[in-house]
Amino acid sequence: MTQRILDISGLNVRFATEDGEVAAVSDVSLHVNKGECLGIVGESGCGKSQTFMAVMGLLAANGKTTGSARFGGIDLLKADERTLNTVRGNRLAMVFQDPMTSLTPHMRVGRQLTEVLERHRGMDAKAARAEAIAMMARVQIPEPERRFAMHPHELSGGLRQRIVLAMALLCGPELVIADEPTTALDVTVQALILDLMRELKEKHGTSFVLITHDLGVVAGLADRVAVMYAGRVVESAGVREIFAAPRHPYTKGLLACTPRLTDAPTAVLPTIPGQPPDLQKLPPGCSFHPRCAAVFDRCRAERPALAEGGTLNACFLNHTVAA
Amino acid sequence: MTSAHAAALDTAGDVEGRSLWQDAWRRLKRNRAALASMIILGVVAAVCLIGPYTLPWPYDAIDWDHVEAMPPNMELGHYLGTDSVGRDLLARTLVGGRVSLMVGVLATMVALFIGVTVGAVAGFVGGRVDQLLMRLVDLLYSVPLTFFVIILMVMFGRNFILMFLAIGAVEWLTMARIVRGQTLSLKSKEFIEAARASGGSTAGIILRHVVPNVLGVVIVYVTLTIPQVILLESFLSFLGLGVQEPFTSWGVLLNEGAAELEVNPQTLIVPAVFMTATLFCFNFLGDGLRDALDPKDR
Amino acid sequence: MWSYFARRLLIGIPTLLAVVLFCFFLMRLAPGGPFDGEAPVPPEVLANLRARYHLDDPLWRQFFSYLGNLLQGDFGPSFKYKDFTVTELIAQGLPVSIENGLSAIILAILIGLPLGITAALAQNSARDYAVSGLAMVGIVIPTFVTGQLLILAFGVWLKGTPFQLPAGGWNDGAFLNRILPVTVLALPFVAYIARISRASMIEALRTNFVRTARAKGLPYRTVVLRHAMKAALTPVITFLGPATAFLLTGSMVIETIFQIPGIGRYFVQGALNRDYTLVMGVTIVGAAFVIVANLIVDMLYAVLDPKVRYE
């Protein structure tokens, strides 16, 4: 049996705002197996980042969680800061999406790397330096010794993102959560980083969560995919199934929106009509029904559960057959 | 702010098409401190304006039967007592309030006028004009301007008009910077481009499009400048360089009262309560407006 | 980095020159002269006085001779304190004012910074609200009121107790005589620094890089001290430039209330007496101070922000 390295169950994330409570994530259950890459797909604001911020214990102060997220025998949602700090950056690491602001501007990048090793590996400054430079070389940063002593603003976006990646990989984590790791980068650097992640996955058995809205990236790296909409998982399946036979209308819409090289250059790219809903004023029934082409009466009244129906999905169209 | 919150706000704005001002008003209404401050300020202003006409004693009349400080006395009509020469304290405080508020508002208007003009022109015209004006602002920032207010007050006599002109002339710097920044960011927006393309004159565009759009920050800044000016006026009056007898202001009264604090505490307490309450309210209101008009600040 | 400072310094010199020029012509424009005294002065005496102070020379010549004297540290004679030159008065008063100002700023940083930072770390707690409230009080209540209150409290009510403090006078800068004025001078700065550092720390804690630091599993203390603190300090440092200017006006108040022989008091006396040369001298010295303070702030800025250093 495959070993589950991260097991999220019934996760809810709520933010108390001055305009009332916002349900950013509702009843999300996901798991990541050892050595696999789970892709999380959805439009911005669908709760995909907040799900994993909650897992990392990095929610904003007005955020509250319920449910559980088990990682290596610890429930991350209930663990205290001290316990979390033995796990974060060590066995569980996160790569953030914005390389321009994710590094501390007034510290040299080398120091920002070595402090992780000093903290989790108890290394002295010299050993940490050697290790950090070695890791910088591994993520293909040219002239790592020179770059080690630089401040973030002296590095390009691509180099900074590689620093952030190196930072996550320093302690050989079992699971890396990568939140849009390649969005801000140009295509060649993007390919480089994805290759690196693939290599780690295959050679070292590192597990990944890949949060992105870029389906191309998912197709290249993920083993399984979960699609999120308005704070919920609406479809979850193996990567081949999702791309070959998506079942949820939203997933279908997302795939249809992605341009393909085989399309005629003049073809009009379809879009999903409407906008993601206001999380404070979710429509009754299925959250997707106002934008869904296949909507019928039941969708407006009742929320479909995530259930088996070709894939694991939340759409009556697929369930009625089974039921 | 969390990205989920931001996303929620964004979509809320898009879907319902609420205007900035409705949104801001809604947020302000929920801020009780700011709302209460607005009401208190209204009351203070009204009382200062109307109050003196309804009192039995004019502010400058000496009660010749009691030429000495007196605690509150209802029968004689000195509801909050008198000062050391027997003048009615409440009447003096209210009239002083008129002066302080007037100097505060007028000086701020002067600052507003200069600041918005310089800022909008610098931001909108750009290039050399911008550089020149901002160098000037930088230069004036590194000069102790209070000194110049005092020099002006000394040289040209201590009158009202000069006082608020002088104070206004030194308080516009921050306003100019803020407005310039706002204008620069607005300049690239489509509707300005459109106005330009359709052949509007620079002055017209500034007046019709830029000014209304920087109004938000300007209102916040005005609310926060007025109390500063009132403080500056009180400071000048304390040094004997501000408002002169027979006129009075909160600063003058505080100064008189502070000297007699030991024997006649009411002479300090009465004006101090009025003035600090007013300053508090302006500050709370300003903070509240800032939060309401710029939710990112939260 | 050094060329950056050199450039800043070079901007400072014309600024100071502009101040001198502006002051000079403002003074000459002023209606009424220093000799419109209590008793009418006979015209021949007046003519003598005017000649002695070169008031009949063309303006530009007066200006250049004044500028030339300035460069030699000569601010000219005081019109009112006839036995002293302005230079002597400033030389007497300046050290006193600087000592008080520096003490006040240091005190304000030592108290205001921890208040602001700890309030930010416990945002929306009772402690946070207390600090914000106190800061507002410190900003809103004029120093001349707090000064008089403290004089009353420590000089009168506590008279005869061990807490009694001198209620005025300088006593050649005896420690006890400094306590009240420095405290009063520091109060608004405590308030401002607490307010600014609170806001900037809250902002710093919300940055992406602090999130990254937390994701690395660093203890919160380290995150705050190593990653957030420098970013939070920048606005406080920026404030210290204009603070010098506030300090100058603040010293006018405390030196008047506590009868301290500093330049602030000389300025007020000079202003009330239309003692042109004294007022000009103090203004120029004050402006020089503010310019130097801004320069120091720029240097500190460069130390905190590597971006400035390399540009």
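These figures come from a predicted structure and were not determined experimentally.

Caption draft 1: A look at the overall build of chain A. Tallying secondary structure elements over chain A gives 12 helices and 12 strands in all. In summary, chain A has a C-alpha radius of gyration of 21 Å against a globular reference of 20 Å for 323 residues, a match within 12%. For chain A, the spread of C-alpha atoms along the three principal axes comes to 65 × 50 × 45 Å. A total of 323 residues make up chain A; the buried ones form 55% of that total. Summed over all atoms, the accessible surface of chain A reaches about 13700 Å², with 54% contributed by carbon and sulfur. For chain A, the distance from the average site of its 35 positive side-chain charges to the average site of its 34 negative ones is 2 Å.

Caption draft 2: Structural detail: the overall build of chain C. Of regular secondary structure, chain C possesses 12 helices and 0 strands. Counting from the amino terminus, helix and strand elements in chain C follow one another as α-α-α-α-α-α-α-α-α-α-α-α. Across its three principal axes, chain C shows a C-alpha extent of roughly 85 × 60 × 30 Å. Taken over 311 residues, chain C has a buried fraction of 50%. For chain C, contacts bridging at least 24 residues in sequence account for 73% of all contacts bridging at least 6. Accessible surface for chain C amounts to roughly 14500 Å². Of this, 67% is attributable to carbon and sulfur atoms. Here chain C contributes 24 positively and 17 negatively charged side chains, and the mean placements of these two sets differ by 17 Å.

Caption draft 3: Molecular detail of the domain arrangement of chain A. Residue and element names in this part refer to chain A. For chain A, the assigned domains read domain 1 (4-91 + 173-313) and domain 2 (103-171). One C-alpha centre belongs to domain 1, the other to domain 2, and the line joining them spans 29 Å. Contacts between the two partners involve 16 residues from domain 1 and, on the opposite side, 15 residues from domain 2. Carbon and sulfur atoms make up 64% of the surface buried where domain 1 meets domain 2, a total of about 1300 Å² over both sides. Our count for the domain 1 to domain 2 interface comes out at 0 salt bridges. Counting across the interface, domain 1 meets domain 2 through 4 residue pairs in polar contact (both at pLDDT 80 or more). Breaking the side of domain 1 that touches domain 2 down by element, the ones donating at least two residues are helix H2 (81-87) and helix H7 (187-204).

Caption draft 4: The arrangement of the nonpolar core in detail. Ile150, Ile167 and Trp250 of chain B together with Met201 of chain C are the most contacted members of the largest nonpolar core, which totals 166 residues. Contacts of Met201 of chain C, omitting those with residues within four sequence positions, involve Ile117, Ala120, Val224, Ala228, Met229 and Ala232 of chain C. In terms of nonpolar packing, the next biggest core, distinct from the first, is built from 104 residues, Phe148, Met167, Ile193 and Ala222 of chain A among them.

Caption draft 5: Just the pattern of salt bridges, in detail. All names here are of chain A. Taken as a whole, this structure holds 21 salt bridges over all chains when the rule is applied. For the salt bridge of Arg111 with Glu118, the shortest nitrogen-to-oxygen distance reads 3.5 Å. Look at Arg111 and you get partly exposed, because its relative accessible area is 30%. Of the charged contacts, one joins Glu143 and Arg146 as a salt bridge, the two residues approaching to 3.0 Å between their closest N and O atoms.

Caption draft 6: Representation of the interface of chain C and chain B within the structure. The interface is formed by 42 residues belonging to chain C together with 40 residues belonging to chain B. A combined buried area of about 3500 Å² lies between chain C and chain B, and 81% of that area is made up of carbon and sulfur atoms. Summed over the three residues of chain C that lose the most area to chain B, namely Met136, Val140 and Phe144 of chain C, the buried surface amounts to 17% of that side. Where chain C meets chain B, there are 1 salt bridge. Ionic pairing is found between Asp287 of chain B and Arg195 of chain C, a salt bridge with its closest N-O pair at 3.7 Å. At the junction of chain C and chain B, the tally comes to 0 residue pairs in polar contact (both at pLDDT 80 or more). Ranked by residues supplied to the side of chain C that touches chain B, first place goes to helix H11 (residues 276-304) of chain C with 8 residues.

Caption draft 7: Structural view of the side chain of Gln148 of chain C. Relative to the elements of secondary structure, Gln148 of chain C occurs in helix H6 (residues 143-157). If we skip the residues at most four places from it in the chain, Gln148 of chain C touches Phe238, Asn255, Ala258, Ala259 and Leu261 of chain B together with Ile257 of chain C.

Caption draft 8: Expanded view of the packing of helix H1 (residues 2-29) of chain C against helix H3 (residues 59-71) of chain C. All names here are of chain C. Put simply, H1 and H3 touch, their axes get as near as 11 Å, and they point 135° apart. In this view, H1 runs oblique relative to H3, as classed from their interaxial angle. Note on packing geometry: the crossing formed by H1 with H3 is right-handed. Note on element contacts: H3 touches H1 through Leu59, Gln62, Phe63, Tyr66, Leu67 and Leu70, opposite Leu17, Val20, Leu21, Phe24, Phe25 and Arg28.

Caption draft 9: View of the pairing of strand S7 (residues 175-179) of chain A. All names here are of chain A. Burial analysis of S7 places 5 of its 5 residues in the buried class, which makes it a mostly covered element. Side chains of S7 alternate between two faces, with Leu175, Ile177 and Asp179 and Val176 and Ala178 buried alike. Across 4 bridges, strand S6 (residues 92-95) lies against S7 in parallel orientation. Paired with Met94 across the bridge in S7 is Ile177. Bridge analysis of S7 against strand S8 (residues 207-212) gives 5 bridges, and the strand direction is parallel. Bridge pairing in S8 places Asp179 opposite Ile211.

Caption draft 10: Examining the environment of Met38 of chain B more closely. All names here are of chain B. Mapped onto the elements, Met38 comes out in helix H3 (residues 32-54). Separated by 83 residues in sequence, Met38 and Val121 place their C-alpha atoms 32 Å apart. Beyond its immediate chain neighbours, meaning those up to four positions away, Met38 contacts Trp25, Leu28 and Leu285.

Caption draft 11: Structural context of a nonpolar patch on the surface. Residue and element names in this part refer to chain C. A surface patch of nonpolar side chains, amounting to about 520 Å² of accessible area, comprises Ile98, Leu102, Ile106, Leu110, Ile111 and Phe289. In terms of residues, the nonpolar patch owes the most to one element, helix H4 (residues 86-121), which gives 5 residues. Inspection of the secondary structure puts Ile98 in helix H4.

Criteria and cut-off values
- For every chain, the first residue of the written sequence is number 1, and numbering continues from 1 onward in sequence order.
- Here every chain gets a letter starting at A, and every ligand a number starting at 1, in the order they are written.
- Since the coordinates come from a predicted model, pLDDT governs what is reported: local features require at least 70, and pairs of side-chain atoms require 80 or more to be given and counted, while whole-chain, interface and lining totals use all residues.
- Heavy atoms throughout the structure, all of them, feed into the side-chain values; hydrogens and water do not.
- Segments assigned H or I by DSSP are reported as helices when at least four residues long, segments assigned E as strands when at least two residues long, and all are numbered from the N terminus.
- Only C-alpha atoms enter the radius of gyration, while the globule expectation follows 2.2 Å times N to the 0.38, with N the number of residues.
- Note on exposure labels: buried denotes an accessible area under 20% of the residue type's maximum, exposed denotes more than 50%, and partly exposed covers the range between, all computed with a 1.4 Å probe on protein chains only.
- Note that accessible areas follow from Shrake-Rupley with a 1.4 Å probe, and for residues the cover is restricted to the protein chains shown.
- For this count, His and the chain ends are skipped, Lys and Arg are scored as positive, and Asp and Glu as negative.
- Charge positions come from single atoms, namely NZ of Lys, CZ of Arg, CG of Asp or CD of Glu.
- Should any heavy atoms of two residues lie within 4.5 Å, those residues are counted as being in contact.
- These domain boundaries are the output of an automatic or database domain assignment.
- Buried area: the sum, over both parts, of the accessible surface (1.4 Å probe) that disappears when the two are put together.
- We define a salt bridge as a contact between a side-chain nitrogen of Lys or Arg and a carboxyl oxygen of Asp or Glu at a distance within 4 Å.
- Here a polar contact is taken to be a pair of N or O atoms separated by no more than 3.5 Å, where protein atoms must pair a possible hydrogen donor with a possible acceptor and residues adjacent in sequence count only if both atoms sit in side chains.
- Residues enter a nonpolar core if they are buried and are Ala, Val, Leu, Ile, Met, Phe, Trp, Tyr or Cys, with the set joined through side-chain atoms within 4.5 Å.
- To get an axis, a line is fitted to the C-alpha atoms, and for a helix only the part in contact is used. The angle between two axes follows their N-to-C directions and goes from 0 to 180 degrees.
- For classification purposes, angles smaller than 35 degrees are called roughly parallel, those larger than 145 roughly antiparallel, those between 65 and 115 roughly perpendicular, and all remaining angles oblique.
- In a left-handed crossing the near helix is turned counterclockwise from the far helix by less than a right angle, and in a right-handed crossing that turn is clockwise.
- Between any two strands, at least two bridges found by DSSP are needed for them to pair.
- The patches described consist of residues with a relative accessible area above 30% and no salt bridge, like charges being joined within 9 Å and nonpolar side chains (Val, Leu, Ile, Met, Phe, Trp, Tyr) within 5 Å.

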